[in-house]
Amino acid sequence: MSRFPAYRPRRLRRSEALRRLVRETRVDAAQLVQPLFVVPGRGVERPIESMPGIAQRSVDRTAEECRRLRDLGVPAVLLFGVPDKKDARGSGATDLDGIVPRALGAIREAAPGLVLVTDVCLCEYTDHGHCGVVKDGDVDNDPTLELLAAEALAHARAGADIVAPSDMMDGRVGAIRQALDGAGFAQLPIMAYAAKFASAFYGPFRDAAESAPRFGDRRSYQMDPANGDEALREVALDIAEGADLVMVKPALPYLDIVRRVKQRFGYPVAAYHVSGEYAMVKAAAARGWIDEARVVEESLVAIRRAGADVIITYFAADVARGLGRR
Ligand code: PBG
């Protein structure tokens, strides 16, 4: 009888206990961030049609939701402010009494210990929907930096734990770092949306944040989906300018970038599992075409396996609730 190969991979797959024992990658709720959309008013909770299970909430309702999230074991939230008044320079973004600063105060009180991350960008606050001030039909980089720095500072003063610039202007991490350091916030970390691609997967988010550009698109500032080497250059710049965590966005279509960023820099890497990724799972599951819990589990484990430390996902609360736990 010929000798069978000594190694039979199936031996360790024979029970769930064995599989768990040798599992290389785990998804831990402690590494998840739940995005939240904050709107003006009181008692407001408005579901977002293209993102079943996700809603816009007023400050009071957001604070209640944050207490629930913290009690479930979700460690962090990412806050997006959706103001009712918008203008060309996005003045609402730098307002010390703006929507995000007010939410920060209320959440701090309702859910002490929760890590409060704020999205730093102008697109939710500008009437044209672009991520900076517009000149001759395009976003003007350098004047935008001052506004972003002022926005980050407003969030810092109101008690943010991490600021996360998502605008993709050149030099914004440095400008924000300098402003924070100058105002006594040298210890406040920056999570840079470092490799943020001009993606069609952001569609549902733009309903949630009411931030779709009124003209043109974001391709003059967000990255071309075809470019991997350039993503590494973007990350290198943000790290040189003082980023503490670097983000790749979206997640599943860009796992190669997640892997390369982790391997090259060895920094904490965040991956943003974005609105379109969420909506596709929800839509297919609603039709009974996929098993939602299993697809979510497999997606998040893949993002972790690629090298992400932190995952920003609209499924964070579901995962903390024990989705797919066996
Ligand atoms: C703001 C911003 C966007 C997202 C996060 N921050 C939208 C965009 O760039 O158009 C997308 C998040 C998602 O799709 O879940 N600049």
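Quantities reported herein were computed from a predicted structural model and do not represent experimental measurements.

Definitions and cut-offs
- Sequence order as written defines residue numbering, which begins from 1 separately in each chain.
- This being a predicted model, a pLDDT of at least 70 is required before a residue's local features are given, and a value of 80 or more before pairs of side-chain atoms are given or counted; all residues contribute to the totals for chains, interfaces and linings.
- Note: side-chain values were computed over all heavy atoms of the structure, leaving out hydrogens and water.
- Strands here are runs of E lasting at least two residues and helices are runs of H or I lasting at least four, both read from the DSSP assignment and numbered beginning at the N terminus.
- Like charges within 9 Å and nonpolar side chains (Val, Leu, Ile, Met, Phe, Trp, Tyr) within 5 Å are joined into patches, using only residues over 30% in relative accessible area that form no salt bridge.
- Here the open area of atoms and residues is found with the Shrake-Rupley method and a 1.4 Å probe, where only the protein chains shown may cover a residue.
- One side-chain nitrogen of Lys or Arg within 4 Å of one carboxyl oxygen of Asp or Glu is enough to make a salt bridge.
- The charge count treats Lys and Arg as positive and Asp and Glu as negative. His and the chain ends do not count.
- Just so you know, the charge point we use is NZ for Lys, CZ for Arg, CG for Asp and CD for Glu.
- Type-normalised accessible area, obtained with a 1.4 Å probe on protein chains alone, sets the label of each residue: buried when under 20%, exposed when over 50%, and partly exposed for intermediate values.
- To estimate the expected span of a helix, count its residues, drop one, and scale the result by 1.5 Å.
- Any pair of N or O atoms that falls within 3.5 Å is considered a polar contact. Within protein, one atom must be able to donate a hydrogen and the other to accept it, and sequence-neighbouring residues count only if both atoms are side-chain atoms.
- A contact between two residues is defined here by any heavy atoms of the two lying within 4.5 Å.
- One requirement defines pairing of two strands: DSSP has to find at least two bridges between them.
- Only heavy atoms are used to decide nearness, and a residue is near a molecule or strand if one of them lies within 4 Å of it.
- Three classes are used: nonpolar for Ala, Val, Leu, Ile, Met, Phe, Trp, Tyr, Cys and Pro, charged for Asp, Glu, Lys and Arg, and polar for all others, with Gly counted as polar.

(A) Broad picture of unusual backbone geometry. Here the bond from lysine 249 into proline 250 is cis, since omega is -10°, no more than 30 degrees from zero. You can see proline 250 is positioned in the loop between strand 10 (245-249) and helix 8 (255-265). Even without a glycine there, the phi angle at methionine 168 is positive, about 70°. The topology assignment puts methionine 168 in the loop between strand 8 (162-165) and helix 5 (172-182). Its identity as a non-glycine residue notwithstanding, glutamate 210 has a phi of 50°, on the positive side. With respect to the element layout, glutamate 210 can be found in the loop between helix 6 (203-208) and helix 7 (229-241).

(B) Structural detail: a positive patch on the surface. Together, Arg8, Arg10, Arg11, Arg13 and Arg14 make up a positively charged patch on the protein surface. Relative to the assigned elements, arginine 10 resides in the segment before helix 1 (16-21). Overall, the relative accessible area of 67% leaves arginine 10 in the exposed class.

(C) Spatial organisation of helix 10 (residues 292-306). For helix 10, built from 15 residues, the straight-helix expectation of 21 Å at 1.5 Å per residue is met to within 8% by its first-to-last C-alpha distance of 21 Å. Restricting attention to buried positions, one finds in helix 10 the residues Val296, Ser299, Leu300, Ala302, Ile303, Arg304 and Ala306. One side-chain oxygen of the residue at the start of helix 10 lies 3.3 Å from the amide nitrogen of alanine 293, identifying that residue as aspartate 291. Glycine 307, located one to two residues past helix 10, shows a positive phi value of around 130°.

(D) Examining the side chain of aspartate 238 more closely. Topologically, aspartate 238 is positioned in helix 7. Apart from residues lying up to four places away in sequence, aspartate 238 is in contact with Arg172, Val173, Ala192, Tyr193, Ala194 and Ala243.

(E) Looking closely at the pairing of strand 12 (residues 310-313). Burial of strand 12 is two-sided: the residues Val310 and Ile312 facing one way and the residues Ile311 and Thr313 facing the other way are all buried. Sheet topology places strand 1 (residues 32-39) next to strand 12; two bridges connect them, and they run parallel. Within strand 12, the residue paired with valine 33 across the bridge is isoleucine 312. Note: strand 11 (residues 269-273) against strand 12, four bridges, orientation parallel. Note on strand 12: the bridge partner recorded for alanine 271 is isoleucine 311.

(F) Fine view of the site of the ligand. What surrounds the ligand is a group of 19 residues, the closest being Lys196, Arg206, Lys249, Ser275 and Tyr314. Between the ligand and the protein, one listed contact pairs an oxygen atom with a side-chain N or O atom of serine 275 at 2.7 Å. Every element with two or more residues in the shell around the ligand is listed here: strand 9 (191-196) and helix 6. Considering only residue class, the shell around the ligand consists of eleven nonpolar, three polar and five charged.

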